[in-house]
Structures are given as C-alpha cells and as structure tokens.
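Remarks on the overall topology
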Amino acid sequence: MYVCMCHAVTEDQVKRAIDAGADTPRRIAKGCKAGTDCGSCVRRIQALLGEHGARPCPTARLAAKLGLADPGADSEDSGPAPAPVAALRVA
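Quick notes on the pattern of salt bridges
- Scanning the entire structure with this criterion turns up four salt bridges.
- Between E11 and K15 there is a salt bridge whose closest N-O contact spans 3.3 Å. Taken together, the residues span about one helical turn, with E11 and K15 both in helix α1 (residues 11-19) at a distance of four residues.
- Judged by relative accessible area, E11 falls into the buried class, the value being 15%.
- Taken together, the shared-partner salt bridges in this structure form one network comprising E11, K15, R44 and E51.

Concerning the packing of α1 against helix α3 (residues 42-51)
- Running from N to C, α1 and α3 cross one another at 50°; their axes reach a closest spacing of 10 Å. With respect to each other, α1 and α3 are oriented oblique. In this structure, α1 crosses over α3, and the sense of that crossing is right-handed. Facing E11, V14, K15 and I18 of α1, the residues of α3 in contact are R44, L48 and L49.
- Taken together, the residues that form the contact of α1 with α3 break down as four nonpolar, no polar and three charged.

Focus on the confidence of the model for the protein
- Residues of the protein with pLDDT of at least 70 account for 59%, and the chain-wide mean is 77.
- Between the elements of the protein, mean pLDDT differs from a low of 65, seen in helix α4 (residues 58-66), to a high of 96, seen in strand β2 (residues 9-10).
- For the stretch residues 73-78, pLDDT sits under 50, and the model shows one contact to residues farther than four places along the chain or on other chains.

Details of the environment of E51
- Relative to the helices and strands, E51 resides in helix α3.
- Within the structure, the side chain of E51 is placed 3.4 Å from the side chain of R44, a separation counted as a polar contact.

Calculation rules
Residues numbered from 1 in each chain as written. Predicted model: local features only at pLDDT ≥ 70, side-chain atom pairs only at ≥ 80, totals over all residues. Heavy atoms only, no water. Salt bridge = Lys/Arg side-chain N within 4 Å of Asp/Glu carboxyl O. Helix = DSSP H or I, 4+ residues; strand = E, 2+ residues; numbered from the N terminus. Buried < 20%, exposed > 50% of the residue type's maximum accessible area, 1.4 Å probe, protein only. Axes fitted to C-alpha atoms, helices over the stretch in contact; angles between N-to-C directions. Parallel < 35°, antiparallel > 145°, perpendicular 65-115°, else oblique. Left-handed = near helix turned anticlockwise from the far one by under 90°. Contact = heavy atoms within 4.5 Å. Nonpolar A, V, L, I, M, F, W, Y, C, P; charged D, E, K, R; others polar. pLDDT = per-residue confidence, 0-100. Polar contact = N/O pair within 3.5 Å; in protein donor to acceptor, adjacent residues only side chain to side chain.

Structure (structure tokens):
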C-alpha cells in the first residue's frame, strides 16, 4: 500500500526505514522523500512510527499533556463536543 503518492513510497519502504533507525518523519523523509511534498502522508508516517516503537510526534505528546482527544480516535469515544468559543473583539 502506498503511504506517499507524491513520491510513490510504500508502507514497506517506510517500515524498512524505521527498522534501519529512522525515528522521526523528517528522518524518513531524508531517505525516501515521503512527506516532503503535499504532506498528506505525514500522519500515516507518524502512525507507523508509533506502531514500531518510535517516540510519538511532539503534537501527540502535547495533546496528551493537555488532555485533548487523540485526533485518530473515534468521535463517539471522545465524549461531548467542546463548547463553541466566542470571537474576540478588538477595540
């Protein structure tokens, strides 16, 4: 299965890069260019890193620290939706 359509990078290629020591999306990109064009594959690359024991991305760590729901989690399991925030008025 392709992870990065822009550079025709497969999931197996990303997994091999992880096995070879790549532990961040940037290090994976350095080897195969996945995630360097449109960026739509970066979340999948981060998921593959997490599945293979690499440390989670800074955004995931920050979300966990703030107690925010996992972006990949089901909306039904994450509880009620947050209340809307009023716009700030600048005088």
